[in-house]
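The residues making up each chain are set out below.
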Amino acid sequence: MERDVKGKKVRYIGDYYKVTFEKGKTYDLLGIEPAPWGEGYRVYSPNVEDDGVFPFSEFEIVEQPSG
């Protein structure tokens, strides 16, 4: 798993976190961090007060940093 996530975004493709994320919408990827199930993406959503760590399987990376 590539660790450099600066400037990348992810698209929500899952079904579990419907209250927090809209399926098909892109969100800012802030990092890869430890989670109770192993590791996950730290993703920012304007729908919650704080960002959270979510399973890789719920997202796909859609943008690479430019430059």
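Throughout what follows, the structure given in this document is the object of discussion. What you see is a predicted model; the values in this text were computed from it and never measured.

The rules behind each value
- Residues numbered from 1 in each chain as written.
- Predicted model: local features only at pLDDT ≥ 70, side-chain atom pairs only at ≥ 80, totals over all residues.
- Heavy atoms only, no water.
- Buried < 20%, exposed > 50% of the residue type's maximum accessible area, 1.4 Å probe, protein only.
- Helix = DSSP H or I, 4+ residues; strand = E, 2+ residues; numbered from the N terminus.
- Pairing = 2+ DSSP bridges.
- Contact = heavy atoms within 4.5 Å.
- Phe/Tyr/Trp six-rings, centres within 6.5 Å; stacked < 30°, edge-to-face > 60°.

### Side note on the pairing of strand β1 (residues 9-12)
Only one face of β1 is buried: it carries Val 10 and Tyr 12, and the other face, with Lys 9 and Arg 11, is open. As paired strands, β1 and strand β2 (residues 26-35) are joined by three bridges and run antiparallel to one another. Its bridge partner lying in β2, Val 10 is registered against Tyr 27.

### Digging into the side chain of Thr 20
Within the secondary structure layout, Thr 20 lies in the loop between β1 and β2. Of the residues examined, Thr 20 reaches a relative accessible area of 14% and is grouped as buried. Here Thr 20 is in contact with Tyr 27, Ser 45, Asn 47 and Val 48, once residues within four sequence places are set aside.

### A few points about the packing of aromatic side chains
To describe a pair of aromatic rings, you give the distance between the ring centres and the angle between the ring planes. This structure, assessed with the given rule, holds ten aromatic pairs. With 4.8 Å between their ring centres and 80° between their planes, Phe 21 and Tyr 27 make a pair best called edge-to-face. As far as the burial class goes, Phe 21 and Tyr 27 line up, both buried. Through a chain of ring-to-ring contacts, the aromatic side chains of Tyr 12, Tyr 16, Tyr 17, Phe 21, Tyr 27, Tyr 41, Phe 54, Phe 56 and Phe 59 assemble into a single cluster.

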